[in-house]
Amino acid sequence: MEDEILVQQLKKGSREAFDLLYEKYKNLVIRTAYLITGNKPDSEDVAQETFVKVYLHITELKNDAGFKPWMMRILVRTAYRTGKKKSREVPDDEIERLSESQTLVSPLGQMIKREEAEMISRAVAALPIKQKAVVVLYYYNELSVGEIAELLGCREGTVKSRLHTARKFLKGKLESQMDIKGRAQ
Amino acid sequence: MKTRYEDKIKMALEMQCGGISASETLKQKIDSEIRMQGKIVPISLPDGQEVSMKKSGQGKKHFSAKKLAIGVAAACLLISGGTFAGKTMGYISGYAQSYSYAELDKAEEKLGFSADVLENFSNGYSFEEMQVGDTHAVDENWETVYTFPELAVNYVKDGVSDISLYVDMRPEKGEQAKEPDMTDQCGDIALRYDVYTYKFVPVGYELTEEDLANLERDDYEISEGSDEVEYSQITHVTWEKDGVYYDLLGSDTALSGEEMFAMAKELIGTE
């Protein structure tokens, strides 16, 4: 069912509409939250808070068709608040999980070495929260610069700037790590 | 167009979170949190039946969540007499906007009616903060029966914020089964004072025989959502003026019924 219809039903108090929206977006929300916060417990907290806010504040959504970006805005702001309190380092156990899990290989994953993916993940995790959010929204959620700007409530130039800085940081980080690894071998 | 290097970023992110999925308990926690905002919560009884209980709350940004939820929960009792006659089974409140006392006009505009709100009481309590939000009256299936705006005001004295005022114009009124603990009169306005005991329990708490017996009382509620078992005494002075419903709520306050009546009378006298 279309989001717009579900939102209209939810605004009238339909619990079923909320459940359907939850089912539709739960994994997108928790995965995006995970990439921004860097760990599973925080991503669960962010997802929980996001859906609770969606339920309680749905009547404040003016454009029913714009549910997804509205929800994503709530998600990112909630993740900001959570992420700001945390270290930029990815906890070792999270990286370990990336290394060992057999379920993490995406269809595209064959094109990238696991070791390289881990390096990128570490580098993304080390980004300042606002740059990290832009990187996640752009690369993982595949939103355009304009969509991200609208979602974050900032100028497109700001998004471009954050993306540029993040790319530069990631590239430098990866090159230095590859260099260290190359010298060690 | 993304470069190969950028494709790798996307792949790495997909690999990193590809194994992450919502836990089986996430929805349960979300439902629980929503209910904690003031809705009645079904808790499993030992024999598998369910009983409706009022919830404690978390997540209110500025107000004492427990206090706020209790206020709403207590309102359920006030309209339903504890037996929940009619369709309404509880309320869910979402407070979205905060106002200073100087912004009372704006708050009233949002509410859609005028409310008696004081900045200072003669006993030393003073305005701390107020919020306006929509409250959903829901039935037993969580379906909204109707929505009404509500004003919540916090008052503080000596750093203790244990008095709140809730104001609304809910369309549904009802009689209480519980006898008031005290009554008073202010002109032609009837005031009633009620004392409730709340037992807060962790999620998943199993009710004891004693709990079940206490739930039969009109002045005893069990609320789910705390980290450990704790008790709270909630006092209310309630009245209706010009179709507006007022609930002056004390949360573990040392104020007596007479002192709360005096505060109510000051509010009623507000122009």
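Reading guide: rules and limits
Residue numbers here run from 1 along each chain, matching the order of that chain's written sequence. Lettering of chains starts at A and numbering of ligands starts at 1, both following the order in which they are written. Thresholds applied to this predicted model are a pLDDT of at least 70 for local features of residues and 80 or more for the giving and counting of side-chain atom pairs; totals over whole chains, interfaces and linings are not thresholded and use all residues. Note: side-chain values were computed over all heavy atoms of the structure, leaving out hydrogens and water. The cut-offs for exposure are 20% and 50% of the maximum accessible area for each residue type, with area from a 1.4 Å probe on protein chains only; residues under the lower value are buried, those over the upper are exposed, and the others partly exposed. Elements are defined by DSSP. Helices are runs of H or I of four residues or more, strands are runs of E of two residues or more, and each kind is numbered from the N terminus. A pair of strands is labelled paired if DSSP reports no fewer than 2 bridges between them. Helix axes are fitted only over the stretch in contact, all axes being lines through C-alpha atoms; the angle between N-to-C directions runs from 0 to 180 degrees. For any helix crossing, the convention is left-handed if the near helix is rotated counterclockwise from the far helix by under a right angle, and right-handed if that rotation is clockwise. Whether two residues touch is decided by their heavy atoms; if any such pair falls within 4.5 Å, the residues are in contact. Only Asp, Glu, Lys and Arg are considered charged in this grouping, and only Ala, Val, Leu, Ile, Met, Phe, Trp, Tyr, Cys and Pro are considered nonpolar; every other residue, Gly among them, is considered polar. The predictor's confidence in any single residue is recorded as pLDDT, a number from 0 to 100.

1. Focus: the pairing of strand β11 (residues 244–251) of chain B
Residues and elements named next belong to chain B.
Stage number 1. Within β11, 8 of the 8 residues are buried, which leaves it mostly tucked inside the rest of the structure.
Stage number 2. Judged by which residues are buried, β11 turns out to be covered on both faces: Val 244, Tyr 246, Leu 248 and Gly 250 on one side and Tyr 245, Asp 247, Leu 249 and Ser 251 on the other are all buried.
Stage number 3. The sheet contact formed by strand β6 (residues 160–168) and β11 spans 6 bridges and is antiparallel. Counted as the bridge partner of Leu 165 is Leu 248 from β11.
Stage number 4. Two strands pair when backbone bridges link them, and strand β10 (residues 230–241) and β11 are joined in this way by 8 bridges, in the antiparallel orientation. The residue of β11 that forms the bridge with Trp 239 is Tyr 246.
Stage number 5. Count of turn residues in the β10/β11 antiparallel hairpin: 2 residues, of which Asp 242 carries a positive phi of about 55 degrees.

2. Details of the packing of helix α2 (residues 15–37) of chain A against helix α7 (residues 129–140) of chain A
Geometry of a packed helix pair, given as the angle between the helix axes and the separation of the axes.
All names here are of chain A.
Stage number 1. Interaxial distance between α2 and α7 falls to 9 Å at its minimum, and their mutual angle equals 145 degrees. As α2 packs across α7, the resulting crossing turns out to be right-handed. On α7, the residues touching Arg 31, Thr 32, Leu 35 and Ile 36 of α2 are Ile 129, Lys 132, Ala 133, Val 136 and Tyr 140.
Stage number 2. Here the residues of the contact of α2 with α7 sort into 6 nonpolar, 1 polar and 2 charged.

3. A look at the confidence of the model for chain A
Stage number 1. Residue-level pLDDT values for chain A average 80, and 78% of them are 70 or greater.
Stage number 2. For the stretch residues 99–110 of chain A, pLDDT sits under 50, and the model shows 19 contacts to residues farther than four places along the chain or on other chains.

4. Quick look at unusual backbone geometry
Stage number 1. At Glu142(A), a residue that is not glycine, the phi angle is positive and equals roughly 55 degrees.
Stage number 2. Note on placement: Glu142(A) falls in the loop between α7 and α8 (145–152).
Stage number 3. For Asp158(B), which is not glycine, the phi dihedral falls at a positive 50 degrees.
Stage number 4. Among the secondary structure elements, Asp158(B) is positioned in the loop between β5 (144–157) and β6.

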